[in-house]
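# Survey of secondary and tertiary structure
Single-letter residue listing:
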Amino acid sequence: MELRQLRTVLAIAETGSLTKAAELLHVVQPALSRQLKQLEDELGTPLFERNRLGMVLTVPGRRFVDQVRVSLKGLNEARADIGAAKSDLLGTVSIGMLPGLAAALAGPLVIALQQQYPNLRVRIATGFSDFLQEGLEGGKLDICLMGDYLQSELLQTSPVYSEPIYVLGLPGSGLSEDAPMTLEAVSRMPMVVPEARSLRNVIDRACTILGVNLNLVAESDSTAVILDLVSRGVGYTILPVIPIMTMLAEKRIEGAPIISPTLQRTVIIGTAVLNRNPRIVNVLHAELMRLLEPYIRQFDHAGVRWLAG
C-alpha cells in the first residue's frame, strides 16, 4: 500500500469522478485506475461502485476513506512539524483574495513575508469567490479569502468576518445608514447589480424567500463599473459595506443597510484538503489573520463582526 494510492482513493471519494480526481492530482486517468485496482486487489474488496452518478463509495470504502483522511492529516501535520525546524521557506505560494481585501492587504502581506522569508516568492490573485474557489480546487491557489462559496469536500474553510450589505445611490437619494431599508422596498428600485456568484447567491436567496425580484437595469462583474453606473444615475446597487466605506465617509455615495431580511456577506479563509505545502499554508494562514484582524475591527461601528477565533 503506497501513499499515492491513499491520495488517489481520497481524491476519487471527494470528487466522485475518476476524471476529476486525475485532474486534481495531475495524473492521467488510466494510471489512476491502475492504482485504484491495485489497492482494491490488495484489500480484497471494491472501494467504489460505478453508476450513473459516478464513483460511489461502498460500505468498506467509506470506512477505509475515513481512516485515510485521519492518516493523511497526521502525515501533513508531521511534515509541517519537520518544516517548522527550518529557518526559511522556499518556492512559490499563490494567495487568492477578493479585490477589496487585496487592495488593503496585499502590500503589507508581501512585505511581511519578504522580511521573514526572503526566498519565498508570492503570487497574489484577485477575483470574485467563484474564480477563487475554482483556483483552490484546481491546485492553482494555496489559500484564499473569499465570500459565499459552494460547499465542497475538497476544501477546508472557516469564517473570518461578516459584513452588512447596503443599498447604494447618488448623494441626495435619501439613503441613510441610520434608516435601514427592507429588501421588498429595495426590489422596486432600478438596480445595477454585481454578477459575482457569491454576492448574488445571498441576494437571490433572500429575494426567493420573500417572493420578489430585483428590478434589474444592468449587471457587471466589476465593482468599479457598477459604481460608475450608479454615479451616472443609471440606478442603485447592492454591495458589502467595507469596500464602499471610504466613499460613504466622503459622501460620494449614500447608503442604507438592508433588513427584513438582514443581508450580510461572510468572508471565509479556505485551503485545499490535499494542499501541497502544509507548512507554507500554515504560515500564510497565521500571517493573513494577523494583518486582517486589526483592519476588520476598525469597521465594528458599521456592523462588521470578526468571527475567527
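Residues numbered from 1 in each chain as written. Predicted model: local features only at pLDDT ≥ 70, side-chain atom pairs only at ≥ 80, totals over all residues. Heavy atoms only, no water.

So, about the environment of Ser220. With respect to the helices, strands and loops of the structure, Ser220 is situated in strand β9 (residues 215-220). Judged by relative accessible area, which is 9%, Ser220 ranks as buried. The sequence separation of Ser220 and Ile258 amounts to 38 residues, and the corresponding C-alpha distance is 21 Å. In this structure, Ser220 is in contact with Val193, Pro194, Glu195, Val225 and Ile226, ignoring residues within four places of it in sequence. Among the polar contacts made by the side chain of Ser220, one reaches the main-chain amide nitrogen of Ser222 at a distance of 3.0 Å. (Helix = DSSP H or I, 4+ residues; strand = E, 2+ residues; numbered from the N terminus. Buried < 20%, exposed > 50% of the residue type's maximum accessible area, 1.4 Å probe, protein only. Contact = heavy atoms within 4.5 Å. Polar contact = N/O pair within 3.5 Å; in protein donor to acceptor, adjacent residues only side chain to side chain.)

With that settled, consider unusual backbone geometry. Of note, the bond from Ser260 into Pro261 is cis; its omega dihedral lies within 30 degrees of zero at 0 degrees. Along the chain, the position of Pro261 falls in the loop between β11 (254-259) and β12 (264-272). The backbone phi angle of Lys251 is positive, close to 60 degrees, even though this residue is not glycine. Its place among the elements puts Lys251 in the loop between α10 (245-249) and β11. Classification of Lys251 as exposed rests on a relative accessible area of 66%. One non-glycine residue, Ser260, lies in positive phi territory at about 55 degrees. Within the secondary structure, Ser260 sits in the loop between β11 and β12.

Looking now at the domain arrangement of the protein. Entries for the protein in the domain assignment read domain 1 (3-83), domain 2 (91-161 + 266-306) and domain 3 (164-263). Each of domain 1 and domain 2 was reduced to a C-alpha centroid, and the two centroids are 27 Å apart. Every contact between the two is made by twelve residues of domain 1 and, on the other side, nine residues of domain 2. Between domain 1 and domain 2 we count zero salt bridges in total. At the junction of domain 1 with domain 2, the criterion picks out zero residue pairs in polar contact (both at pLDDT 80 or more). Secondary structure elements with two or more residues in the side of domain 1 that touches domain 2: α1 (3-15), α2 (18-25) and α4 (59-84). Sort the elements by how many residues they give to the side of domain 1 that touches domain 2 and α1 lands first, with five residues. Each residue belonging to the side of domain 1 that touches domain 2 can be placed in one class, and the counts come to five nonpolar, four polar and three charged. (Domains from an automatic or database assignment. Salt bridge = Lys/Arg side-chain N within 4 Å of Asp/Glu carboxyl O. Nonpolar A, V, L, I, M, F, W, Y, C, P; charged D, E, K, R; others polar.)

Here we take up the packing of α2 against helix α3 (residues 29-43). For the pair α2 and α3, interaxial distance at closest approach is 9 Å and the crossing angle is 105 degrees. Our classification of the angle between α2 and α3 gives roughly perpendicular. Only Gln29, Leu32 and Ser33 of α3 make contact with α2, whose side of the interface consists of Leu18, Thr19, Ala21, Ala22 and Leu25. Residues belonging to the contact of α2 with α3 are distributed by class as follows: five nonpolar, three polar and no charged. (Axes fitted to C-alpha atoms, helices over the stretch in contact; angles between N-to-C directions. Parallel < 35°, antiparallel > 145°, perpendicular 65-115°, else oblique.)

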